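What follows is each chain in one-letter form.
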Amino acid sequence: METSFALTGKGYVIVAADTTAARSIVKMKDDQDKIKELGSHLLMAYSGEPGDTIQFAEYVERNIRLYQIRNLYPLRPSAAASWIRRSLAESLRSRNAYTVNLLIGGYDLADHKPTLYWIDYLGTVVEVPFAAHGYGSYFALSLLDRWAIALTRGRPRRHTDILLRYHNPEATLEEGLATLKRCINEVSKRLIVSPDRYKVKVVDKDGVREVEL
Amino acid sequence: MVGKDCVAIASDLRLGTQALGISSNFQRVPVSHFSRVCPSLTICQVFPITDRLYVGLPGLGTDVTTLYERFRYRVNMYTIKEEREIHPETFTHMVSSTLYEHRFGPYFIEPVVAGLSKLPTGGLKPFIAAMDLIGCINFAKDFVVAGTASSKLYGVAEGLWEPDLEPEDLFETISQTLLNAVDRDAFSGWGAVVHVITKDRVISRTLKARMD
Amino acid sequence: MDSIAHPTQRQFSPYSDNGGTILAIAGADFTVIAGDTRQSEGYSIQTRYAPKVFPLTDRAVLAVNGFAADGNMFVKKVKQRLEWYRHAHSKDMPLRAIARLIQTMLYARRFFPFYVYNILGGIEEDGTGAVYSFDPVGSYEREACRAAGAAQSLVQPFLDNQACPFIHTSPFVVLTVDNRDIADLFQ
């Protein structure tokens, strides 16, 4: 089943999505890239209804590009997320709505902050430290929550807590990728229809790039 | 909730799809915020409209954002054209007619308005109102509630609220009401915010709430 | 030509909801238990005086809410079992035993349940006040306070706030407030 994750760390956002394209019970493809590079510092992972996803993602990609051509500067991640949200919200109340769920990860060159937006097909946006879509979200979100819960309860920070601290907004890229691996492993272990390959992309001050896990 | 020369508005902070919590801190707007959940994807947020006027928008997440953007646009246009701040009563009717425009395909939001309205004498009068999703206004004199925990909020508010509470007492009353109601609602909670609007300032506090 | 037998459908709806609300609060050495007395069906009021709180022993009171006919029959059966117990053991059944008896009686009807929410209040053998609440098929729990019925969603969070301030730390904390404070809640 389609699954995508994203998490923020110190100066970067990691976005990961599975690479399977399935029709019914048949796997048609296992190397599909479901993360679009919308700009030099903006990533968008998309999932949902097969036809809608590509159509909508390309629509977004072209419009974001058009903005940059017209204005000579790109939309900031927050502005891009707002525009995309509005497109989905308007589509929701049209005759045939796009059924597309998105994760927008970007690095804002104006305030030097990595930002991540969770957007669903209804047009609900929320800025979050980590996010997931699909069945994988049931496993990944609880896993990434462990850190937040340990903090809320005011648990003393011990060395062993590093093992418990699955999400850390101050983590280095290596630590962030390790956390992502934990999410992927958890999904592989517990989800019946788990994807076996993921594409992982990172955005930071130097722009977007693909990384191998 | 209405107090003596003050009003309070409060909300929880959860954003979730049914039983799955997505965010406990839906923050985008300067100063203040949001809250919680219902049929498919819901939250409620409390937004400042003017210095003495706040609106809470509990319901479907996408409509919370859409409506807030519409109200922000219409209030800005009003302020520019009229060269004065909008009154709580006027704003309430603006919200109501916006909702009624979509009578047969509504926004899934039940707004709550709280503010201090100016009297001709120059004094300030507490004002609260709530609406259903098609804009039917309830001008209450005591308190209004909305959202997935509305029946629970009614029960506690009915028991705790009394007339002419001072700002600090009103804060305690609205906080206890909200916290105890959302603790019995599976779709609400995950933090809370309270704003007490008084003559000369707005007291905004984030409450320590159960996170389970 | 209309001689073909058409399929017929029959239905049996043996339950109804008679409204009303009950609640109970446990104290250190007392329990208060209450219920309204209106009995209704839909929008019609059948009577304004049909009590749903029944004394069982000197130290146990049972409140029943839901389908009134089932409620009355259930109370009758519980009272009968308690009388048999008295004849066999020459004493009243202790509260926690009554609670377990109610569970057994409710679960015995697992597949044709009494459509009744029960709240049992009273004094335990050690002298502490206690409240037990049940679902229609016998799941039960000892608690500090409980509301059930039409206004459960309004009353329960209020009770959590006013009568069980320590609910977050202890499962069935015992109140040590003055009896009058509790009585005030019912005014």
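From a predicted model like this one, the values you see are computed outputs, not experimental measurements.

K.L.:
Run through the sheet that holds strand β5 (residues 35–39) of chain A, naming residues and quoting values.
P.N.:
Residues and elements named next belong to chain A. Taken together, 5 strands build an open sheet; the order of strands is β5-β6-β7-β8-β9 and the sheet is antiparallel. In this open sheet, the two edge strands, each paired with only one partner strand, are β5 and β9 (125–127). Adjacent strand axes in the sheet meet at a mean angle of 20°, parallel and antiparallel pairs treated alike. Of the strands in this sheet, β5, β6 (42–48) and β7 (100–108) are in contact with helix α1 (residues 50–71), which crosses β6 at around 160°.

K.L.:
Account for the packing of helix α1 (residues 68–89) of chain C against helix α2 (residues 95–108) of chain C, with residues named and values stated.
P.N.:
Residues and elements named next belong to chain C. One way to put it is that α1 packs onto α2 with a least axis distance of 11 Å and a crossing angle of 125°. The pairing of α1 with α2 is recorded here as oblique in orientation. Every pair of crossing elements has a handedness; the one defined by α1 and α2 is right-handed. Residues F74, K77, V78, R81 and L82 of α1 pack against I98, L101, I102, M105 and L106 of α2. Residues belonging to the contact of α1 with α2 are distributed by class as follows: 8 nonpolar, no polar and 2 charged.

K.L.:
Tell me about the pairing of strand β11 (residues 198–204) of chain A, and please be specific about residues and values.
P.N.:
Residue and element names in this part refer to chain A. Burial within β11 is extensive, with 7 of its 7 residues counted as buried. Neither face of β11 is left uncovered, since the one carrying Y198, V200, V202 and D204 and the one carrying K199, K201 and V203 both have all their residues buried. Pairing geometry for strand β2 (residues 12–18) and β11, over 7 bridges, is antiparallel. The residue bridging V15 from the neighbouring strand is K201, located in β11. Bridge count between β11 and strand β12 (residues 207–211): 5 bridges; the pairing is antiparallel. The residue bridging V202 from the neighbouring strand is R209, located in β12. What sits between the antiparallel neighbours β11 and β12 is a turn of 2 residues.

K.L.:
Quick one: what's the story with the confidence of the model for chain A, residue by residue and with numbers?
P.N.:
Taken residue by residue, chain A gives an average pLDDT of 89. The fraction at 70 or more is 90%. The element-level mean pLDDT for chain A is lowest in helix α4 (residues 161–164) of chain A, coming to 40, with β7 of chain A highest at 98.

K.L.:
Which residues make up the interface of chain B and chain C, and what values do they have?
P.N.:
Taken together, the 13 residues of chain B in the interface contact 11 residues of chain C. Interface area lost by chain B to chain C is led by N180, R184 and R210 of chain B, which between them contribute 45%. Between the two partners, chain B and chain C, sit 1 salt bridge. Close ionic contact of R184 of chain B with D160 of chain C constitutes a salt bridge, the shortest N to O distance being 2.6 Å. Viewed at the interface, chain C and chain B are joined by 3 residue pairs in polar contact (both at pLDDT 80 or more). Secondary structure elements with two or more residues in the side of chain B that touches chain C: α3 (150–160) and α4 (167–182) of chain B. Here the side of chain B that touches chain C is built from residues that sort into 4 nonpolar, 5 polar and 4 charged.

K.L.:
Kindly report on the nonpolar core, identifying the contributing residues and their values.
P.N.:
Counting residues in hydrophobic clusters, the biggest one holds 24 residues, and the most contacted among them are L56, L62, F74, I98, I102 and L120 of chain C. For this core, the elements supplying multiple residues, two or more each, are β5 (53–57), β6 (60–66), α1, α2, β7 (116–123) and β8 (129–134) of chain C. Broken down by element, this core gets its largest block of residues, 7 residues, from α2 of chain C. Among all residues touching L62 of chain C, those that are not within four sequence positions of it are K52, V53, F54, L56, F74, V75, I102, N118, I119 and L120 of chain C. If you look at the next biggest cluster of nonpolar residues, it comprises 23 residues, including L7, I14, F130 and L141 of chain A.

K.L.:
Talk me through α1 of chain C; I want residue IDs and the actual numbers.
P.N.:
Residue and element names in this part refer to chain C. When the terminal C-alpha atoms of α1 are compared, their 31 Å separation across 22 residues agrees well with the 32 Å that a helix rising 1.5 Å per residue should span. Those residues of α1 not exposed but buried are A68, D70, G71, F74, V75, V78, L82 and Y85. With its buried residues spanning 150° around the axis, α1 presents them on a single face. Residues of α1 that are exposed and point more than 90 degrees away from the buried face comprise K76, W84, H87 and A88. Backbone geometry just downstream of α1 places S90 in the positive-phi region, at approximately 55°.

K.L.:
Residue-level account of the sheet that holds strand β1 (residues 6–12) of chain B, with values.
P.N.:
Residue and element names in this part refer to chain B. The strand order β1-β11-β12 describes an open sheet built from 3 strands, whose pairing is antiparallel. Strand pairing shows two members of the sheet lacking a second neighbour, β1 and β12 (202–207), which therefore form its edges. Mean inter-strand twist for the sheet, computed between neighbouring axes without regard to direction, equals 15°. Here strand β11 (residues 192–198) pairs with β12 via 6 bridges, running antiparallel. Looking at β12, one finds that I197 is bridged to V202. On the sheet, α4 packs against β1, β11 and β12 and is oriented at approximately 25° with respect to β1.

K.L.:
Tell me about the packing of aromatic side chains, and please be specific about residues and values.
P.N.:
In the structure shown here, the tally under the stated rule is 16 aromatic pairs over all chains. Considering the side-chain rings of F71 of chain B and F91 of chain B, the 5.8 Å spacing of their centres and the 75° angle between planes classify their relative orientation as edge-to-face. Taken as a pair, F71 of chain B in helix α1 (residues 61–82) and F91 of chain B in helix α2 (residues 88–100) lie far apart in primary sequence, 20 residues in all. Residue class for F71 of chain B comes out buried when judged on its relative accessible area of 0%. Aromatic ring contacts, followed pair by pair, group F56, Y59, W83 and Y98 of chain A into a single cluster. For R109 of chain C, the ring lying beneath its charged end belongs to F112 of chain C, and the centroid distance is 5.0 Å.

K.L.:
Just give me the short version of the pattern of salt bridges, but keep the residues and values in it.
P.N.:
All chains considered together, the criterion is met by 28 salt bridges over all chains. K34 of chain A is the partner of D18 of chain A in a salt bridge, and the nearest nitrogen-oxygen pair spans 3.1 Å. Residue D18 of chain A is found in strand β2, and its partner K34 of chain A is found in the loop between β4 (26–29) and β5; the two are separated by 16 residues along the sequence. You can call D18 of chain A buried: its relative accessible area is 1%. Given the relative accessible area of 4%, K34 of chain A is considered buried. The partner of R205 of chain B in a salt bridge is E168 of chain B, with the nearest N and O atoms 3.2 Å apart. Here E168 of chain B lies in helix α4 and R205 of chain B lies in strand β12, a separation of 37 residues in the sequence. The partly exposed category is assigned to E168 of chain B, whose relative accessible area is 43%.

Each value, and the rule that gives it
- Residues numbered from 1 in each chain as written.
- Chains lettered and ligands numbered in written order.
- Predicted model: local features only at pLDDT ≥ 70, side-chain atom pairs only at ≥ 80, totals over all residues.
- Heavy atoms only, no water.
- Pairing = 2+ DSSP bridges.
- Helix = DSSP H or I, 4+ residues; strand = E, 2+ residues; numbered from the N terminus.
- Axes fitted to C-alpha atoms, helices over the stretch in contact; angles between N-to-C directions.
- Contact = heavy atoms within 4.5 Å.
- Parallel < 35°, antiparallel > 145°, perpendicular 65-115°, else oblique.
- Left-handed = near helix turned anticlockwise from the far one by under 90°.
- Nonpolar A, V, L, I, M, F, W, Y, C, P; charged D, E, K, R; others polar.
- Buried < 20%, exposed > 50% of the residue type's maximum accessible area, 1.4 Å probe, protein only.
- pLDDT = per-residue confidence, 0-100.
- Buried area = accessible area lost by both parts, 1.4 Å probe.
- Salt bridge = Lys/Arg side-chain N within 4 Å of Asp/Glu carboxyl O.
- Polar contact = N/O pair within 3.5 Å; in protein donor to acceptor, adjacent residues only side chain to side chain.
- Core = buried A, V, L, I, M, F, W, Y, C linked by side-chain atoms within 4.5 Å.
- Expected span 1.5 Å × (residues − 1).
- Arc of directions from axis to C-beta.
- Phe/Tyr/Trp six-rings, centres within 6.5 Å; stacked < 30°, edge-to-face > 60°.
- Lys NZ or Arg CZ within 6 Å of the ring centre and 35° of its normal.

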